[in-house]
Each structure stands twice: as C-alpha cells, then as structure tokens.
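Results of the structural survey
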Amino acid sequence: MQATTTRPKIIVTADGAGVVSHAGSRLLADVADRTTLTGELSQALDALRRPGTRHDPGRVLVDLAVAVADGATTISEIDVLRDQGELFGAVASDSTCWRLLDRLDDTILGQVAAARARAREVVWDQHAERQGRPFPPARVAGQDLDVLVLDLDASIVICHSEKEQAAPTFKRTFGYHPLMAFCDNTCEFLAGVLRRGNAGANTAADHISVLDQALAQIPDQHRQGRKVLVRADTAGCTKAFLGHIRDQRDKAVNCEFSVGWAITDRERAAIGAVPKSVWADAVDADGGHRDGAGLAELTGLLPTVSLEGYPPGTRVIVRRERPHPGAQLDLMETRDGWRYTCFATDTGAGQLAFLDARHRAHARVEDRIRTAKDTGLNHFPSRSFAINSAWPAVVMLAVDLLSWTQHLVLDGHLAKAEPKTLRYRLLHVAARITRGQRRTWIRIQQSWPWATDLATASARLHSLPVPAG
C-alpha cells in the first residue's frame, strides 16, 4: 500500500543566517527597559557589582525574569536568551545567575521590592496615559468598581527532591507553602513569602507581613487616595490580621476587608434562627439572579462573645445554596439540604447580594496562583532555602512583565490570554534579523496569524512616555 501525506517535502540545511527564535520575548525585555524596571534594579543592585565584572546585576535579574516569563523552569534555561546575542545582547551565564541569587539576602530583596514599586508607579502612569485611568476597574456582579482589590492566599508547591525547609503538608504532600498577594485589578504579583510546607494556614504574622509588602507596592497617590479592599479565605480571619487592616486607616489608607468565616456550632445555631422570609436572593458573577442561593446576615444572631476582639463594625453574612453532587456536607447541611458558607466584612453599606458577589470574586486568586505556577513558581531551583527564598522575586518580576505587557501594549484576547497562549502566539515566534537604514529590523513571517499584533505592540511600547532622567 502506498502511503499518502499532505506534508510538503523539505530539505534541512544548516546554512541559514539571521534567523532567531523566541523573537517575541524581546518585547518583554523592552517592556522592562521602557518601564524603567531595568534601570531601577540596576541602581538597587549596584552594590553587588564587583569591579571589572561584565554583567550588571540588575540586567541579569531582568534577563532571568524574561526567561522565566518565556517559559524557563530552570536557571540553566537562561541560555534561551544567551544563545541569541543578536536579539538579546550580552546575557549572563547560568552560573552568574546562581551567584546573584545566592547574594540576594533579605535586605537586598527589600531593595529589589522597592525598585519594583518605583517601576510600578511608572507603569500605572503609562497605563493612565493610554487608557485614561491608572489601572483597570475591579469587576463584581457585572459592575466596574473603582476600588483596589488585594487578594491573599496560600498554595502548596510540591518538591520532588530534598530541599531545605521543605516539609510534609496538610494535603499529605511534601514541599513549600508560600503565601502570596495579588492585585485583582491588574493581575500583578505584588508580594509573597516562602514558608515551610507545614506552615500554618492562618498565621497572622505571615498575613500581616505579606499585606504590608503588597501595600508598599502600590503607588502612594493610589494607596492613600482611594478605597482598598483586602480579601482572603478563612485563613485570613484572625483578630490580629483584621485589626491590622483596620489600623491602616490611621495611615490614611482606607482599607476594608472581606474574609471567610468558619462555621461552628454558634454559627449553626444562628443559621437555624434565621426566619425563612429573611433570606435574600443571591446574584451570579454577571449580576443576574442565581437560582437556589440565598443570603442572610448573622451579626445580630451570634453571641456577643463571637465578635469580641474583632474590629468594630464587623459583619458576618451567611450564604446557602443547593449542594453540587459529591459535596461533603455536615450533619446540619445533610438535614437541611443546603450547603452553608460564611464571610466577614467591615463594609457598612451595600446589599447582601453585592457583598456576597464581591467576596466570591476572591476565587479569581486561584487563576493568579495558577499563572504564577506556570511562570516559575512551581519549580524551586535549589536545595538551598536562601536561594529558593530569592526565587519568588524572579517569579514576581516575570508575572509582572507579562501583566504589564498585556495592559500596556496588547488588545483584545491577547490582553487576557494565559501565559501558555502568549508564548505560542507571540513570545516563541521565529523571525529574521536584517539591518538597513542604520537600524536593526526583526521581520516576522507575514503569514503568522499574530504577526501584526506583535509589530503593533512593539510600536505602541516605544510610543509610551518615559520619565525624564
């Protein structure tokens, strides 16, 4: 039988010139330069540069972040950039990257965070120049909210080899348990702390530390000029953490919270005392009626002692809905046929349906964590805890570069695409480098479906305003 094929016949040779791959990742490097991130990191890490060395530590950190955003999962994959000097210039070796990460102690990581904050201020100003506002609105129940929303959550990162301070986790795995903070408006990775795998989920000190780091990333005029909503699951419902959020008001930061509230016998008794006529309708993510879901406030039905030590004005709201198949229910839920969840907030006004939809939007943080894990967080490179503690700084830079690229220079579906989609359509695209008119040109295959998008993004980037000096 004669085989048939629709593939064209090809002949492979090794005599090409000027052809490069991963051409789209140069856009990420240019974003770092145009937003002043490279310059800020160079200044922050200048003390680490030894006399006579070739590579600027700030530039090394940016190149490593670009490689991670491009899909690198190990430090040695910096060679994706290093092997293409025509496209990326002089790039440090993986051993240089190892040495740099080894020198990033807590003090220097604080300087890196400050550099990121200064660059973020420029990015938000550039976004305002292009879109008319410094950051996108938060989307809740089909409404746009002019509120900054910070989502805190922890996640297990499994380690498949022995690493310092990796430990068994509550999910019966082995690894780390980092706590992270993201900006829901912009998808930026604001702050994070690496913790042992057996670290407590509701450790107030860790939540306070991460929140302070996240707030420090927000430009002053926006941190102190508008409402800030802090969301977390039940792990964030500690008196010390909620009190710390309330204390931000003394620093001219108008913070509110919306956190999960654990259901105990006291809450079950209060739920049983709610009259049937009191239950209000819930809404879905688009603001439409959600069948089979109801809401009620428990604040006045709970014993006074339940709210002692919490910030004044704390409210507890319960939600009920029909359980999905396979849901694990307690005895009360099995008897009633409803699944109950509670959350606490100190927002004094607003319908219960809106407050509930606003809290349930915290689930978007799972997408942010998944994106971070797809951008380096799922692979800690070293046995050393010191180096692994520095690795999240690289991941935060990589996630932010992707976010800034999407918000500043991309439109449509690409502005909301997953990292894997961006890599296939833009970052990993091949091109030919040519020179003429005293310029270097990157020529993308004309038939590539997203060639125009990449060219437009590059032109748009170079039109963004940059602070003088």
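Rules used throughout
Residues numbered from 1 in each chain as written. Predicted model: local features only at pLDDT ≥ 70, side-chain atom pairs only at ≥ 80, totals over all residues. Heavy atoms only, no water. Helix = DSSP H or I, 4+ residues; strand = E, 2+ residues; numbered from the N terminus. Rg over C-alpha atoms; globule rule 2.2 N^0.38 Å. Lys, Arg positive; Asp, Glu negative; His and termini not counted. Charge placed at Lys NZ, Arg CZ, Asp CG, Glu CD. Salt bridge = Lys/Arg side-chain N within 4 Å of Asp/Glu carboxyl O. Buried < 20%, exposed > 50% of the residue type's maximum accessible area, 1.4 Å probe, protein only. Axes fitted to C-alpha atoms, helices over the stretch in contact; angles between N-to-C directions. Parallel < 35°, antiparallel > 145°, perpendicular 65-115°, else oblique. Contact = heavy atoms within 4.5 Å. Nonpolar A, V, L, I, M, F, W, Y, C, P; charged D, E, K, R; others polar. 1 Å grid on protein atoms, 1.4 Å probe; cavity = no way out; pocket = protein on both sides within 12 Å on 5 of 7 lines; lining within 4 Å. Points joined across faces, edges and corners; volume = space filled by probe spheres on them. Disulfide = S-S within 2.5 Å.

Looking at an unreviewed UniProt entry, one finds the chain named IS1380-like element ISMsm3 family transposase and attributed to Pseudonocardia xishanensis.

Each helix and strand counted, the chain has 17 helices and 17 strands in total. The C-alpha radius of gyration computed for the chain amounts to 25 Å, which stays within 12% of the reference 23 Å derived for 469 residues, consistent with globular compactness. A principal-axis box enclosing the C-alpha atoms of the chain has dimensions of 80 × 70 × 50 Å. Once the 57 positive and 55 negative side-chain charges of the chain are each reduced to a mean point, those two points are 3 Å apart.

With that settled, the discussion passes to the pattern of salt bridges. Summed over all chains, the structure comprises 31 salt bridges. Here Arg26 makes a salt bridge to Asp30, at a shortest N to O gap of 2.8 Å. Here Asp30 and Arg26 lie together in helix 1 (residues 25-34), a separation of four residues that amounts to about one turn. According to the relative accessible area criterion, Arg26 is partly exposed, its value standing at 31%. Accessibility expressed as a relative area gives 13% for Asp30, which makes it buried. Connected through salt bridges with shared partners, the residues Asp151, Asp184, Arg231, Arg364 and Arg368 form a single ionic network.

Between helix 14 (residues 365-377) and helix 16 (residues 419-427), the least distance of the axes is 9 Å, while the angle of their chain directions is 55°. With respect to their mutual orientation, helix 14 and helix 16 come out oblique. Contacts between helix 14 and helix 16 pair Thr371, Asp374 and Thr375 from the former with Pro419, Lys420 and Arg423 from the latter. Tallied by class, the residues present in the contact of helix 14 with helix 16 amount to one nonpolar, two polar and three charged.

What the rule picks out here adds up to three cavities of 30 Å³ or more. One number sums up the size of the largest cavity: a volume of about 70 Å³. Together, Val123, Trp124, His127, Pro134, Phe135, Pro136, Thr186, Glu188, Ser403, Trp404, His407 and Leu408 line the largest cavity. Secondary structure elements with two or more residues in the lining of the largest cavity: helix 7 (106-131) and helix 15 (385-409). Partitioned by chemical class, the residues of the lining of the largest cavity number seven nonpolar, four polar and one charged. By volume, the second largest cavity is sized at about 40 Å³. Lining the second largest cavity are Leu27, Leu28, Leu402, Thr405, Leu410, Leu422, Leu426 and Leu427. Considering each element in turn, the lining of the second largest cavity owes the most residues, three residues, to helix 16. When grouped by side-chain class, the residues that make up the lining of the second largest cavity number seven nonpolar, one polar and no charged.

Phi at Thr36 is positive, roughly 70°, even though this residue is not glycine. Inspection of the secondary structure assignment puts Thr36 in the loop between helix 1 and helix 2 (37-44). Thr36 sits in the buried class, given a relative accessible area of 19%. Phi is positive for Gln165, close to 65°, though the residue is something other than glycine. Within the secondary structure, Gln165 sits in the loop between strand 5 (157-158) and strand 6 (167-168). Judged by its relative accessible area of 36%, Gln165 falls in the partly exposed class.

As a further point, take the state of the cysteines. On inspection of all chains with the given rule, the structure shows zero disulfides. No disulfide involves Cys255; its nearest neighbouring cysteine sulfur is the one of Cys183, lying 12 Å away. Overall, Cys255 belongs to the buried group, its relative accessible area being 0%. Summary of cysteine pairing: Cys342 is not part of a disulfide, and the nearest cysteine sulfur, belonging to Cys237, is at 10 Å. Judged by relative accessible area, which is 7%, Cys342 ranks as buried.

This part covers helix 10 (residues 239-247). Among the residues making up helix 10, those that are buried are Phe241, Leu242, Gly243, His244, Ile245 and Arg246. In this fold, the buried residues of helix 10 make contact with strand 4 (148-154), helix 8 (204-217), strand 10 (228-232) and strand 11 (255-261).

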